[in-house]
Amino acid sequence: MRVRCLEIIHPDGDVPVTEFDGIRVGGVYPVLEMVTYDIDCQIRVLGPETPDPGLLWDPVSFETVDTRIPPGWTLVITGGRTRLADARWQRPGFWTDYAHGDPQALADYQHVKRELLAAAPTTEN
């Protein structure tokens, strides 16, 4: 799945900007995961200069340009959250392990990231 950035609201100043942490208005980026909780929804988007593990954004700032869900993705509902992501990221504690430098979590993240970036260009005008 790929999305085009329509707007960026800077998180510190709540003002529109044209670029933030490797994401720019008009750019097209792969979605790494979608997470919903209650009425909140966020998508993790990765740009070429975005620090790992990508940034979580409100999907209102994007539009879908490629609706294909990558192979190996699963939908998991647990603890009031719904996550659509690669199955390797769906295990409990994945993001905690990633943040603590767990070698398997880091390897799983890098593998999925490489697959998504290889599948389609990360930007287009």
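What counts and how
Residues numbered from 1 in each chain as written. Predicted model: local features only at pLDDT ≥ 70, side-chain atom pairs only at ≥ 80, totals over all residues. Heavy atoms only, no water. Helix = DSSP H or I, 4+ residues; strand = E, 2+ residues; numbered from the N terminus. Polar contact = N/O pair within 3.5 Å; in protein donor to acceptor, adjacent residues only side chain to side chain. Contact = heavy atoms within 4.5 Å. Expected span 1.5 Å × (residues − 1). Buried < 20%, exposed > 50% of the residue type's maximum accessible area, 1.4 Å probe, protein only. Arc of directions from axis to C-beta. Pairing = 2+ DSSP bridges. Core = buried A, V, L, I, M, F, W, Y, C linked by side-chain atoms within 4.5 Å.

**Student:** How would you summarise the side chain of Asp-66 if you had to cite specific residues and measurements?
**Tutor:** Within the secondary structure, Asp-66 sits in strand S9 (residues 62-66). Of the polar contacts made by the side chain of Asp-66, one reaches the side chain of Arg-68; its length is 2.6 Å. The residues touching Asp-66, leaving out its near neighbours within four places in the chain, are Met-1 and Arg-2.

**Student:** An account of helix H2 (residues 103-119) is needed here, citing residue identities and associated values.
**Tutor:** Taking 1.5 Å of rise per residue, 17 residues should cover 24 Å, and H2 covers 24 Å from first to last C-alpha, within 8% of that figure. Those residues of H2 lying buried are Ala-105, Asp-108, Tyr-109, Val-112, Lys-113 and Leu-116. For H2, the arc enclosing every buried residue in end-on projection is 130°, short of the 170-degree limit, so these residues lie on one face. Exposed positions of H2 whose direction lies more than 90 degrees from the buried face are Pro-103, Arg-114 and Ala-118.

**Student:** Outline the environment of Ile-39, supporting the account with residue identities and numerical values.
**Tutor:** Within the secondary structure, Ile-39 is located in the loop between strand S6 (28-37) and strand S7 (40-45). Take Ile-39: its relative accessible area is 81%, and that puts it in the exposed class. Considered as a pair, Ile-39 and Pro-92 are 53 residues apart in the sequence and their alpha carbons are 22 Å apart.

**Student:** Can you tell me about the pairing of S7, naming the residues and giving the values?
**Tutor:** In this structure, S6 lies alongside S7, joined through six bridges in antiparallel fashion. By the bridge assignment, Val-35 is partnered in S7 with Gln-42. Between S6 and S7, which pair antiparallel in sequence order, lie two residues; one of them, Asp-38, sits at a positive phi of approximately 55°. Note: S7 against strand S8 (residues 55-57), three bridges, orientation antiparallel. Following the sheet pairing, Arg-44 is matched in S8 by Leu-56.

**Student:** I'd like a rundown of the nonpolar core, residues and numbers included.
**Tutor:** Core analysis: the biggest nonpolar cluster contains 25 residues, and Ile-23, Ile-43, Val-45, Trp-57, Phe-62, Trp-89 and Tyr-109 have the highest contact counts within it. Those elements that provide at least two residues to this core are strand S1 (2-5), S6, S7, S8, strand S11 (81-86), helix H1 (94-99) and H2. With four residues, H2 is the largest single contributor of residues to this core. The contacts of Phe-62, once residues within four sequence positions are left out, are Val-3, Arg-4, Cys-5, Leu-6, Ile-23, Ile-43, Val-45 and Trp-57.

**Student:** Could you give me a rundown of the environment of Met-1, with the residues and numbers involved?
**Tutor:** With respect to the secondary-structure elements, Met-1 resides in the segment before S1. Once the C-alpha coordinates of Met-1 and Asp-66 are considered, the two residues, 65 residues apart in sequence, prove to be 5.2 Å apart. Setting aside chain neighbours within four positions, we find Met-1 in contact with Tyr-29, Pro-30, Val-31, Asp-66, Arg-68, Ile-69, Pro-70 and Leu-84.

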